[in-house]
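# Overview (structure and organization)
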Amino acid sequence: MLFKNYMEEVVDTTLEEILSRRDDVCKCERCRMDIKALALNHLPPKYVVTDKGYVYTKVNELESQFKADVTVAVTNAMKVVRKNPRHDQE
């Protein structure tokens, strides 16, 4: 049985797409995780527990507003982390 927040997968994919086009953002693991956490905190969770639920949620991902919301959340999180990176605070 499946139990997952599908939004994590969407944020991961979106984050990688955006980072691949940006040279002004640190891409270390700590910064990536901070960006992901901030973005997820500003998006509604999409928990699925079945393969059918996963497919249904994936289909909803095709909506332009869904993609726009995720892109905005990731981009805003990236701005915050870029201004205040924590990778040197470990």
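Every value quoted in this text rests on a predicted model; they were computed, and no experiment measured them.

## Brief notes about helix α1 (residues 6-19)
Taking 1.5 Å per residue, 14 residues should reach 20 Å; α1 reaches 20 Å between its end C-alpha atoms and fits that length. Within α1 the residues assigned to the buried category are Tyr6, Met7, Val10, Val11, Thr14, Leu15, Ile18 and Leu19.

## Description of the packing of α1 against helix α2 (residues 29-41)
Each pair of packed helices gets described by two things: the angle between the helix axes and the distance between those axes. Axis separation between α1 and α2 bottoms out at 10 Å; the angle between their running directions is 130°. Between α1 and α2, the angle falls in the class oblique. For the crossing formed where α1 meets α2, the hand is right-handed. The segment α1 lies against α2, with Met7, Glu8, Val11, Asp12, Leu15, Glu16 and Leu19 engaging Arg32, Ile35, Lys36, Ala39 and Leu40. Across the contact of α1 with α2, the residue classes tally to seven nonpolar, no polar and five charged.

## What about the packing of aromatic side chains?
The description of two aromatic rings rests on the distance between their centres and on the angle between their planes. Per the stated rule, a full pass over the model turns up one aromatic pair. Between phenylalanine 3 and tyrosine 47 the ring centres are 5.5 Å apart and the planes differ by 20°, which places this aromatic pair in the stacked class. Of this pair, phenylalanine 3 sits in the segment before β1 (4-5) while tyrosine 47 is found in strand β2 (residues 47-48), placing the two residues 44 residues apart along the sequence. Across this residue pair, the class does not change: phenylalanine 3 and tyrosine 47 are exposed.

## Observations concerning the pattern of salt bridges
One side chain can pair with another of opposite charge once the charged atoms of both are near each other. In this structure the tally under the stated criterion is eight salt bridges. A salt bridge links glutamate 16 to arginine 32; the nearest nitrogen and oxygen atoms lie 2.4 Å apart. Linking glutamate 16 in helix α1 with arginine 32 in helix α2, this pair joins segments that are 16 residues apart in sequence. We classify glutamate 16 as partly exposed; its relative accessible area is 40%. Close ionic contact of aspartate 24 with arginine 22 constitutes a salt bridge, the shortest N to O distance being 2.9 Å.

## Let's talk about the packing of α1 against helix α4 (residues 64-83)
Orientation of α1 relative to α4, taken along the N-to-C sense of each, is 65°, at an axis distance of 10 Å. Here α1 runs over α4; the crossing is right-handed. Between α1 and α4, the residues in contact are Met7, Val10, Val11, Thr14, Leu15, Ile18 and Leu19 and Phe66, Val70, Thr71, Val74, Thr75 and Met78, respectively.

Criteria and cut-off values
- Residues numbered from 1 in each chain as written.
- Predicted model: local features only at pLDDT ≥ 70, side-chain atom pairs only at ≥ 80, totals over all residues.
- Heavy atoms only, no water.
- Helix = DSSP H or I, 4+ residues; strand = E, 2+ residues; numbered from the N terminus.
- Expected span 1.5 Å × (residues − 1).
- Buried < 20%, exposed > 50% of the residue type's maximum accessible area, 1.4 Å probe, protein only.
- Axes fitted to C-alpha atoms, helices over the stretch in contact; angles between N-to-C directions.
- Parallel < 35°, antiparallel > 145°, perpendicular 65-115°, else oblique.
- Left-handed = near helix turned anticlockwise from the far one by under 90°.
- Contact = heavy atoms within 4.5 Å.
- Nonpolar A, V, L, I, M, F, W, Y, C, P; charged D, E, K, R; others polar.
- Phe/Tyr/Trp six-rings, centres within 6.5 Å; stacked < 30°, edge-to-face > 60°.
- Salt bridge = Lys/Arg side-chain N within 4 Å of Asp/Glu carboxyl O.

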